[in-house]
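For reference, the chains in residue letters:
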Amino acid sequence: MPRSRSRRRWALIASLAAGALVVGGVLVGLPSEAPVRPAPVPAPGPQARAALAAGAPAALPDLTVLIGEQEAYLRTHPKDARSWALLGTAYVEQGRRTAEAALYPKAESALRRSLRTAPKRNPDALDGLAALAIARRDFRAARGYAEAALKERPKRWRTYPLLIEALTGLGDHKGAGRALDRLTELHSGPAVRARAAAVYRDRGWREDAAAALADAAAAAGAPAERAAYLQGAGELAWERGDLQDALRHFRAAARIDPDLRAAQAGQARVLAALGRSSEALSAYRVALTRQPEPQYALELGELYESLGLRDAARVEYDLLRALVRQHAAGGVDGNLTLGRFEADHGDPAAAVRLLRAEWRRQPGIEVADALGWALHRAGADKEALRFAAIATDKAHGGGVRSAPYAYHRGMIERALKQYGPARRHLQEALRINPYFSVAQAPAARAALRALGEPSEDGPPER
């Protein structure tokens, strides 16, 4: 072999060896390559903007930054209709996440300013008003705004989840199904799968709902979005009585997004069912302090009451009433929660009045169940059964498999001496979720024991 070729060969070998030593340079003291820098984290404002544009939950700190940026920008650009719509929508999301109803009038002001600036071809503002109406539990107004937005842009997929939620609140499950079909034709993605999961849950398709939420969580683009879908999966697991699965999902959601108080309230619910009362009380207090929802106060009060702490329960019930009044000042309709509370812990006749008015405005399944139970508590069992049937019969749209709904119907039938159906529905409630309520699950078991086994003669054995 010529000497020059030999030298070139050895030079190549030396360079390859040196390269190998550089890769593992720390072992021999040679300088290593520069470390790979992680991908930059998106700025909070743009990240919240992207989440809202995708119809996804946004992180609370990101929302705060976005709102500050938009407020500053609009002070010098007051005629930017899209920015007014974005600010209003961000206020809605912030209010939803914090239960600060005082943010909703600010949201409405910004959204209507957007519409005044651009009265036509402004679906962003109409979507924001639909989201605001849903947050205030005004489903009829939400449907109107969503339909107006779709009239301007029929293929605007982001409007369809709002329309579906509005139609569900109005008890129009067929319409919600048609809207979901249209949504899935126009778009796919985590937000669409999460909305589909809610529709599947209302139809009683639990496995499909769980699968859709699992897919949504796996495909979520941001931590806050993933946490929201895991929290939804925890709710599904809770509804079917799978305590460990529910607790796992709630904890994962709270770990990913510590500001997600619904996940902490979910943990409290499960911990109470597991008999871990001290931990449950602590979790409820944290959730209620950071997100003062009347429903959390109701659940905490009932937990105190189940532990024999009636004075502490009364404190939470007083707080519930105060929160409902406070939220009403921001335009939030709290009659459903207040009616449920009055039926069991206050004045059943007042509950009936509240819930009848609610049923006239928006006859959804939740309202049907609550009104039926209030009527039962007020002694009007025949009329109560009609509403309980709406909440539980698929023929009436009540396809959701709900332990509280089945329990309510069973107790109403028991009061009407319809012992066979009563036994069947009470058994169904405990089969769906044996832990569904710290107060009502024990009552369901006691009622079943009183009914006894069916006899050939018809009346129950005592």
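Computed from a predicted structure; not experimentally measured. (Residues numbered from 1 in each chain as written. Predicted model: local features only at pLDDT ≥ 70, side-chain atom pairs only at ≥ 80, totals over all residues. Heavy atoms only, no water.)

Quick look at unusual backbone geometry
Here is the rule we go by: Secondary structure is summarised from DSSP: a helix means a run of H or I of at least four residues, a strand means a run of E of at least two, and numbering begins at the N terminus for each. Residue burial is assigned from relative accessible area. The probe radius is 1.4 Å, only protein chains are included, and a residue is buried under 20% of its type maximum, exposed over 50%, and partly exposed in between.
Not every positive phi belongs to a glycine, and Arg121 is a case in point at roughly 50°. Structurally, Arg121 can be placed in the loop between α5 (103-117) and α6 (123-135). For Arg121, a relative accessible area of 68% corresponds to the exposed category. Even without glycine at this site, Arg137 takes up a positive phi of about 60°. Relative accessible area serves as the criterion here: at 18%, Arg137 is assigned to the buried category.

Here we look at the nonpolar core
Note the following rule: Nonpolar cores are built from buried Ala, Val, Leu, Ile, Met, Phe, Trp, Tyr and Cys residues. Side-chain atoms within 4.5 Å join them into one set. Contacts: residue pairs with any heavy atoms within 4.5 Å of one another.
With 52 residues, the main nonpolar core has Leu63, Leu87, Leu163, Ile164 and Leu183 as its most contacted residues. When residues in this core are grouped by element, the largest group, eight residues, is from α6. Beyond its immediate chain neighbours, meaning those up to four positions away, Leu87 contacts Ile67, Gln70, Glu71, Leu74 and Ala110. The next biggest cluster of nonpolar side chains, apart from the first, holds 38 residues, and it includes Ala351, Val352, Ala374 and Tyr419.

Overview of the packing of aromatic side chains
What counts, and what does not: Geometry of aromatic contacts follows a simple scheme: Phe, Tyr and Trp rings, the Trp one being its six-membered ring, pair when their centres are within 6.5 Å, and the pair is stacked under 30 degrees between planes, edge-to-face over 60, tilted otherwise. Counting as a charge over the ring demands two things of the Lys NZ or Arg CZ atom: a distance within 6 Å of the ring centre and an angle within 35 degrees of the ring normal.
One pass over the structure, following the stated rule, counts five aromatic pairs. Ring pairs connect the aromatic residues Trp373, Tyr407 and Phe436, which therefore count as one cluster. In this arrangement the basic side chain of Arg386 is found over the ring face of Phe387, its NZ or CZ atom lying 4.3 Å from the centre.

Some thoughts on the layout of surface pockets
Convention followed: Cavity: a set of points on a 1 Å grid over the protein atoms alone where a 1.4 Å probe fits but cannot get out. Pocket: an open set with protein on both sides within 12 Å along at least five of seven lines, its lining residues, like those of a cavity, having an atom within 4 Å of a point. Grid points are joined across faces, edges and corners, and a volume is the space filled by probe spheres set on the points. In this classification, Asp, Glu, Lys and Arg are treated as charged, Ala, Val, Leu, Ile, Met, Phe, Trp, Tyr, Cys and Pro as nonpolar, and every other residue, Gly included, as polar.
Of the volumes computed, that of the second largest pocket is approximately 230 Å³. As for the second largest pocket, its lining consists of 14 residues, and the residues nearest its centre are Asp344, His345, Arg377, Ala439 and Gln440. Sorting the residues of the lining of the second largest pocket by element identifies α16 (294-306), α18 (335-345), α20 (365-377), α22 (403-415) and α24 (440-451) as the ones contributing at least two each. A class-by-class count of the residues in the lining of the second largest pocket yields six nonpolar, four polar and four charged.

What to know about the packing of helix α3 (residues 60-76) against helix α4 (residues 81-98)
Quick note on the threshold: Here an axis means a line fitted to C-alpha atoms, over the contact stretch when the element is a helix, while the angle between two N-to-C directions is reported on a 0 to 180 degree scale. Each angle gets one of four labels, with under 35 degrees taken as roughly parallel, over 145 as roughly antiparallel, 65 to 115 as roughly perpendicular, and the rest as oblique. Two helices cross in a left-handed way if the nearer one is turned anticlockwise from the farther one by less than a right angle. They cross in a right-handed way if the turn is clockwise.
Between α3 and α4, the shortest axis-to-axis distance is 9 Å and the interhelical angle comes to 150°. Considering their axes alone, α3 and α4 lie roughly antiparallel with respect to each other. Crossing hand, α3 versus α4: left-handed. Note on element contacts: α4 touches α3 through Ser83, Trp84, Leu86, Leu87, Ala90, Tyr91, Glu93, Gln94, Arg97 and Thr98, opposite Leu60, Leu63, Thr64, Leu66, Ile67, Gln70, Glu71, Tyr73 and Leu74. Looking at the contact of α3 with α4 residue by residue, the class counts come to eleven nonpolar, five polar and three charged.

Topic: α5
What counts, and what does not: For a helix, the expected span equals 1.5 Å multiplied by the number of residues minus one. Working note: the arc is built from the helix axis to C-beta atom directions.
With 15 residues, α5 extends 21 Å between its outermost C-alpha atoms, agreeing within 8% with the 21 Å of an ideal straight helix rising 1.5 Å per residue. Residues Leu103, Tyr104, Ala107, Ala110, Leu111, Ser114 and Leu115 constitute the buried set of α5. Down the axis of α5, the sector holding all buried residues measures 140°, keeping them to one side. Where α5 is buried, its residues contact α4 and α6.

Some points on the packing of helix α19 (residues 348-361) against α20
For the pair α19 and α20, the least separation of the axes is 9 Å and the interaxial angle reads 150°. Comparing their axes, α20 and α19 come out roughly antiparallel. The two elements α19 and α20 meet at a crossing, and its hand is left-handed. Between α19, through Pro348, Ala351, Val352, Leu355, Arg356, Glu358 and Trp359, and α20, the contact on the second element is made entirely by Val367, Ala368, Ala370, Leu371, Ala374, Leu375 and Arg377. Here the residues of the contact of α19 with α20 are counted per class, giving eleven nonpolar, no polar and three charged.

A closer look at the confidence of the model for the protein chain
For clarity, the threshold we go by: The quantity known as pLDDT measures the predictor's confidence residue by residue, on a range of 0 to 100.
Across the protein chain, the average pLDDT comes to 90, with 88% of residues at or above 70. Considering only residues more than four positions removed or in separate chains, one finds that residues 1-39, a stretch of pLDDT under 50, has eight contacts. Throughout residues 455-462 the model reports pLDDT below 50, and contacts reaching past four residues in sequence, or to other chains, amount to eleven contacts.

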